[in-house]
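Next come the chains, spelled out residue by residue.
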Amino acid sequence: NPSGQGSVAVEDNGATLHLAGNRWAAVQLDQPYTITTDTTLSFTFEGTTELEVAGVGFDTNLSFGMSDSASFFQVWGTQGWGNQSYNNYSGTTPRNYTISLSDHPNLVGKTFDYLVLANDHDKAPRNGEVRYSNVSLQDPPPEPDIEVSCLSGLDFGRVEQDAADPTRSCTI
């Protein structure tokens, strides 16, 4: 039940989202985000009481349902829903997750508006609590082109200082 009952609190000056009870939360991304082969999703997860489903996913329309399970990564819980490759939280200490989205070709090329965080605990006593912190969705910047300009007309095998950058040299 994505709407659920429970609470949502922002902690640590915005670095942590604390969900309690039976609660799912959608966080709107700054702008629509297209997942590439270089995109990674990173976050720290901590739970105190095991619930049914805890994890992170992507959504486009704030109507997160069964058809969205392919864009959800479960990290903890007694019920399996979504991708189970990361469902390995031990329930004892915070754990860092980094998910390379290139490993999930069903997401590459798709554009999403929301990041969904789950604390699904609809069976009594509905006391599950989780924290998601340091959530990051990144594409590394492209590698800079390396341009080496060496002086021409020199003997083969001779090391020459680059006139454009005196700290760089090349073998000709």
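Residues numbered from 1 in each chain as written. Predicted model: local features only at pLDDT ≥ 70, side-chain atom pairs only at ≥ 80, totals over all residues. Heavy atoms only, no water.

A. Quick look at the layout of surface pockets. When its volume is computed, the largest pocket comes out at roughly 280 Å³. Around the largest pocket, the lining comprises 17 residues; the ones closest to its centre are G14, V27, L115, L117 and V135. Among the secondary structure elements, those contributing two or more residues to the lining of the largest pocket are β2 (16-34), β7 (111-120) and β8 (129-138). Within the lining of the largest pocket, the residues separate by chemical class into ten nonpolar, six polar and one charged. (1 Å grid on protein atoms, 1.4 Å probe; cavity = no way out; pocket = protein on both sides within 12 Å on 5 of 7 lines; lining within 4 Å. Points joined across faces, edges and corners; volume = space filled by probe spheres on them. Helix = DSSP H or I, 4+ residues; strand = E, 2+ residues; numbered from the N terminus. Nonpolar A, V, L, I, M, F, W, Y, C, P; charged D, E, K, R; others polar.)

B. Examining unusual backbone geometry more closely. With an omega of 15°, the peptide bond running from A124 to P125 counts as cis. Position of P125 relative to the elements: it lies in the loop between β7 and β8. Of note, L62 is a non-glycine position whose phi angle comes to about 60°, a positive value. Along the chain, L62 turns up in the loop between β4 (53-59) and β5 (72-76). Taking relative accessible area as the criterion, L62 reaches 53% and is therefore assigned exposed. (Buried < 20%, exposed > 50% of the residue type's maximum accessible area, 1.4 Å probe, protein only.)

C. Spotlight on the packing of aromatic side chains. Scanning the model with the defined rule gives eleven aromatic pairs in all. Seen in terms of ring centroids, W24 and F72 are 5.7 Å apart; in terms of plane orientation they differ by 35°. Their pairing is tilted. Taken together, the residues span a long stretch of sequence, with W24 in strand β2 and F72 in strand β5 at a distance of 48 residues. Taking the relative accessible area as the measure of exposure, W24 reaches 10% and is therefore buried. Measuring from ring centre to ring centre gives 4.8 Å for F45 and Y89, while their planes differ by 90°; the resulting arrangement is edge-to-face. Of this pair, F45 sits in strand β3 (residues 40-49) while Y89 sits in the loop between β5 and β6 (95-100); the two residues are 44 residues apart in sequence, bridging distant segments of the chain. Just as F45 is buried, Y89 falls in that class too. (Phe/Tyr/Trp six-rings, centres within 6.5 Å; stacked < 30°, edge-to-face > 60°.)

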